[in-house]
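The lines below spell out each chain.
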Amino acid sequence: MGKMVIYPGSFDPITNGHISILRRTLTIFDSVTVAVAENPMKNTFFSLEERVEMIRESVKNDRKVYIESFHGLLVDYVERKSTNVIIRGMRALSDFEYEFQMSLMNRKLNKNIQTIFMMTDYQWFYTSSTIIKEAARYGGMIRGLVPDIVCRKLKEKFGYQ
């Protein structure tokens, strides 16, 4: 199988920025497991099943990409997957502080796990799942910012065509 990396997140919903990080990660690693977090503390817009389905549809048939859900500590999940690398995408300096704290906590919990930060491509710098949902809620044009399946699902959820 080669070297695998874990790309964790809530992906609520997945955006083209996430897809860009995923594709670029595959230029470094042999495979990527997209680990969709089940976090009862987080009030997600889409169910865990919907998020997994949208990611599967978005990466159609890519044999180097695996999609799974997980709950509990990320470091425990990473260890169960027999790897030691986490990839995290970042847009701005504001992302860095949170991601840095998380990576240090993960290192404290398991010193063998490494986190790699990958900067987003410039065209996705301003996008986030939260901003996408806000724009979609009011009928804003989100096509090109998210995979087609996400556009359809957001329109369904907000009740417009």
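Residues numbered from 1 in each chain as written. Predicted model: local features only at pLDDT ≥ 70, side-chain atom pairs only at ≥ 80, totals over all residues. Heavy atoms only, no water.

*Asks:* How would you sum up the pairing of strand 3 (residues 65–70)? Please name residues and give values.
*Replies:* Both strand 2 (residues 31–37) and strand 3 contribute to a ladder of six bridges, which runs parallel. The partner of Val34 across the bridge, within strand 3, is Ile67. The β-α-β motif built from strand 2, the intervening helix 2 (residues 48–58) and the parallel element strand 3 has right-handed crossover chirality. (Pairing = 2+ DSSP bridges. Helix = DSSP H or I, 4+ residues; strand = E, 2+ residues; numbered from the N terminus. Right-handed = clockwise from strand over helix to strand, strands pointing away.)

*Asks:* Provide a residue-level description of the nonpolar core, including the pertinent values.
*Replies:* Residues Val34, Val36, Ile67 and Leu154 are the most contacted members of the largest nonpolar core, which totals 34 residues. At the level of elements, strand 1 (4–9), helix 1 (16–25), strand 2, helix 2, strand 3, strand 4 (85–90), helix 5 (129–137) and helix 6 (148–158) are the ones that each hand at least two residues to this core. Examining the composition of this core, we find that five residues originate from one element, helix 6, more than from any other. With residues up to four places along the chain from it excluded, the contact list for Leu154 reads Pro13, Phe45, Phe46, Ile132, Lys133, Ala136 and Ile142. (Core = buried A, V, L, I, M, F, W, Y, C linked by side-chain atoms within 4.5 Å. Buried < 20%, exposed > 50% of the residue type's maximum accessible area, 1.4 Å probe, protein only. Contact = heavy atoms within 4.5 Å.)

*Asks:* Describe helix 5, and please don't skip the residues or the numbers.
*Replies:* When we look at burial in helix 5, the residues that qualify are Ser129, Ile132, Lys133 and Ala136. Mapping the buried residues of helix 5 onto a view down its axis gives an arc of 95°, with all of them on the same face. Buried residues along helix 5 sit against helix 1 and helix 6. (Arc of directions from axis to C-beta.)

*Asks:* Outline the packing of aromatic side chains, supporting the account with residue identities and numerical values.
*Replies:* Following the criterion strictly, the structure yields six aromatic pairs and no others. With a centroid separation of 5.2 Å and 20° between ring planes, the pair formed by Phe96 and Phe100 is classed as stacked. Linking Phe96 with Phe100, this pair stays in helix 4 (residues 93–109), spanning four residues, or about one helical turn. Using a relative accessible area of 33% as the deciding quantity, one classes Phe96 as partly exposed. An aromatic cluster is present here, built from Phe45, Phe46 and Phe158 joined pairwise through their rings. The residue whose ring lies beneath Lys157 is Phe45, and the NZ or CZ to ring-centre distance is 5.6 Å. (Phe/Tyr/Trp six-rings, centres within 6.5 Å; stacked < 30°, edge-to-face > 60°. Lys NZ or Arg CZ within 6 Å of the ring centre and 35° of its normal.)

*Asks:* Would you mind going over unusual backbone geometry in detail, with residue names and values included?
*Replies:* Here Asp12 and Pro13 are connected by a cis peptide whose omega angle stands at 0°. Mapped onto the elements of the fold, Pro13 is located in the loop between strand 1 and helix 1. Notably, Phe11 is not glycine yet its phi reads approximately 50°, a positive angle. Along the chain, the position of Phe11 falls in the loop between strand 1 and helix 1. At Asn61, a position not held by glycine, the phi torsion is positive, near 55°. Inspection of the secondary structure assignment puts Asn61 in the loop between helix 2 and strand 3.

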